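One letter stands for each residue in the lines below.
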Amino acid sequence: MTRLTWLGVLLALGCGRLSTPDRAPDEGPREATLFVFSDLRGTLKPCGCSPDLRRGGVDRVAEVLRLARASAAGAPVLHAGDLLLDDEGIPDFLRPQIDAKTTAVGEALRFMGVAAATVGPSDLQQPEWLAKALPGVGIPIIVTNPPPTAPWVAGTRRSIVLDVRGVKVGVLGLIPEASGGSPPGPAARAEADALRQGGAVLIVALSSLGLRGAKRTLREGLGVDVLVAAGQGLDAIVSDEVEPLGPGGAPTYLVQSFVQGGQVGRLEVVMTGGPLAAEFPGEPAPKGSSTLRWSLTPVGWDLPREPTIASLMDRFDADLEQINMATASDPVPPAAGEAGYVGVEKCLECHEETRAFWEKDRHHDAWETIVEDKKTFDIYCVSCHVTGFMRPGGSSIKKLDGLHDVQCESCHGPGSLHAESSEAAHIQREVPESTCRTCHNPKHSTRFDYDAYKKRLLVPGHGLGD
Ligand code: HEC
Ligand code: HEC
Ligand code: HEC
Ligand code: HEC
């Protein structure tokens, strides 16, 4: 039976008929497609600081979905893992910006038609904030194993059932016990049983348990068919293998996808009434079984941006000027006897020998980089792409005064006293790894290696004699 006539049959049968898993033998297999992405972590667009971070973003996720839906009309979109925040949480100086971004993320999720999402450890570190944020996000948030009490639980539900072309799909959401969740195994088994009794033929668990946590939980048996294991590192090589895990007979199929919307997973099932089996390329599932296929589409920056979401992102960038200028404070002045920042032009007055180095150095263009990205009012980006951000006697978004770019004093420390005295004692010659790491952290400089990176700074006129 072709898909089209099958759809006709489903319509003729009506919904009541569809809820029974046992079907007459003349009914053909039911096909359903679901899309999944993971660990958005409140990212409208990843920073792109390192080459492996140049993928993902809600505008391109939406474009991938738009293209994919051409062959899978009505397929729901699910999200696993941390939804709104990353592990840095909500530093005070970013609070107004994060609140505005959460509104924009919610708009994007609703536009994409996300049918269910769970939350993760970073979201859950901010229980009061999360309770306020979830209603505004406006999509169903699923947590099957919530803590007995937490302010955000009221904004969630234990499960949701989606009707995907006549296939009733039960969706669970699992959070780690370390984040306050009740033990995921018992909660999932009980909820899955109830959903199956209500007619669900496929149970998908969205998790934020991490890969190891998900595997450990699966070994004791979860009673679900598919588990999406979110929570990968930024530098992870995500496997597209479908891995059967759990007690024999009825395993759970574990699938993974990349963080920050870097990939969109496509889950295709054909339900025949037989037991579920995964199909691998060149390895068909046993005859008569229901089958499951998983594939990942990379969300590359060579794709066009989906226009509606692109314009909401551009609006967010433009709004940041007002949001952040209204609340930004000036940097505090240096304490008595301490140095403040004077800027590279002052240094070059006496260190002409470093000019050729400076003009070629990548740090010289750090501000231009975020000008091109229209991020000069995004305090998060600005904090690492300028000199002395919010340090005593340094810069702020209100007061940059020649401290654009990552200048001499980002590495050698504030130099006002040295610029007056010319004394070596007033400036740091050596730059420890910890100084570089304030900016070259694993989230922005995925391949940072102190010795190799430092070597690139040492040239004639700067550290290598003349
Ligand atoms: C924690 C510090 C930090 C933050 C925050 C940060 N960056 Fe960066 N950025 C870096 C570092 C360090 C590099 C260089 C990484 C490398 O090459 O290893 C970089 C490089 C880049 C580059 C690549 C430049 C090139 O041409 O090679 C872009 C683009 C960029 N950042 C944009 C952004 C944007 C946009 C934001 C805000 C969303 C941002 N950055 C936030 C530290 C940061
Ligand atoms: C008024 C001139 C003058 C200005 C302005 C100046 N320097 Fe210097 N700097 C010197 C002199 C002279 C030395 C050599 C001191 C010595 O060896 O006793 C020096 C040495 C240094 C050293 C090496 C220190 C050491 O322990 O060997 C560094 C690093 C340095 N300067 C960085 C800077 C930076 C960064 C700035 C801008 C904030 C700057 N300088 C501004 C005159 C200046
Ligand atoms: C205040 C933040 C900051 C500090 C401190 C910092 N960097 Fe950077 N670094 C950046 C940014 C931002 C870029 C990317 C500039 C751009 O192209 O926009 C960068 C780029 C680089 C690059 C070029 C990388 C590439 O892909 O071409 C090297 C090398 C580098 N940094 C080495 C270092 C070393 C070594 C230290 C410590 C001695 C250091 N940086 C300290 C922010 C910083
Ligand atoms: C990204 C970090 C970084 C930036 C930016 C940077 N330097 Fe350096 N600088 C270093 C490192 C690392 C060394 C080597 C220190 C050592 O000897 O281990 C160094 C060495 C020096 C020395 C000693 C050179 C020698 O041969 O003895 C001077 C002087 C100096 N820098 C001045 C400057 C000035 C002036 C600027 C701005 C125009 C600047 N540096 C920008 C990291 C930086």
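Conventions and cut-offs
- Note that residues are indexed from 1 along each chain, following the sequence as it is written.
- Think of it this way: whatever chain is written first is A, whatever ligand is written first is 1, and the rest follow in order.
- Under the rules for a predicted model, residues below a pLDDT of 70 receive no local features and side-chain atom pairs below 80 are neither given nor counted, while totals for whole chains, interfaces and linings still include all residues.
- To get the side-chain values, take all heavy atoms of the structure and skip hydrogens and water.
- Here is the rule: rings of Phe, Tyr and Trp (six-membered ring for Trp) pair when centre to centre is within 6.5 Å. Planes less than 30 degrees apart are stacked, more than 60 are edge-to-face, and the remainder are tilted.
- Secondary structure elements follow DSSP: runs of H or I no shorter than four residues count as helices, runs of E no shorter than two count as strands, and numbering proceeds from the N terminus.
- For every residue, the accessible area (1.4 Å probe, protein chains only) is compared with the maximum for its type, and the residue is labelled buried under 20%, exposed over 50%, or partly exposed between those bounds.
- What makes a residue near a molecule or strand is one non-hydrogen atom of that residue sitting within 4 Å of it.
- The definition of a polar contact used here is a pair of N or O atoms within 3.5 Å, where within protein one atom must be able to donate a hydrogen and the other to accept one, and adjacent residues in sequence count solely through side-chain atom pairs.
- What makes two strands pair is DSSP finding at least two bridges between them.
- Angles here are taken between N-to-C directions and fall from 0 to 180 degrees, while the axes themselves are lines fitted to C-alpha atoms, restricted in helices to the stretch in contact.

**Q** Hey, could you run me through the packing of aromatic side chains in this one?
**A** The geometry of an aromatic ring pair comes down to the distance between the two centres and the angle between the two planes. Under the definition given, this model contains two aromatic pairs. Judged by centre distance (6.3 Å) and plane angle (55°), the rings of F93 and F389 are tilted. Of this pair, F93 sits in the loop between β2 (77-80) and α4 (95-112) while F389 sits in the loop between α13 (379-385) and α14 (408-412), and the two are 296 residues apart along the sequence. Looking at F93, the relative accessible area reads 40%, which means it is partly exposed. For F389, a relative accessible area of 14% translates into the label buried. With centroids separated by 4.8 Å and ring planes inclined at 65°, the aromatic side chains of F448 and Y453 adopt a geometry described as edge-to-face. For F448, a relative accessible area of 11% translates into the label buried.

**Q** Please clarify how unusual backbone geometry should be interpreted in this entry.
**A** Peptide bonds are trans in most cases, and residues, glycine excluded, mostly fall at negative phi. A positive phi is found at R41, a non-glycine position, where the angle reads about 55°. Tracing the chain through its elements places R41 in the loop between β1 (30-38) and α3 (58-69). Its identity as a non-glycine residue notwithstanding, D401 has a phi of 30°, on the positive side. Looking at the element boundaries, D401 is found in the loop between α13 and α14. For D401, a relative accessible area of 62% translates into the label exposed.

**Q** What is the right way to look at the site of ligand 1 in this model?
**A** Every one of the 19 residues lining ligand 1 counts as a neighbour, but C49, C381, C384, H385 and S445 are closest to it. At 3.0 Å from a nitrogen atom of ligand 1 is found a side-chain nitrogen or oxygen belonging to H385. One of the side-chain nitrogen or oxygen atoms of S445 is found 2.6 Å away from an oxygen atom of ligand 1. Element by element, the count of residues in the shell around ligand 1 is highest for α13, at four residues.

**Q** How should the sheet that holds strand β10 (residues 263-271) be read in this particular structure?
**A** Sheets are built from strands paired through backbone hydrogen bonds, the pairs being either parallel or antiparallel. Taken in spatial order, the six strands line up as β3-β2-β1-β10-β12-β11 in an open sheet, and their pairing is mixed. The outermost strands of the open sheet, each flanked by one partner alone, are β3 (114-117) and β11 (276-278). Strand-to-strand, the axes of this sheet are offset by a mean angle of 30°, without reference to chain direction. Sheet analysis places β11 next to strand β12 (residues 290-298), joined by three bridges and oriented parallel. Bridge pairing in β12 links A277 to T291.

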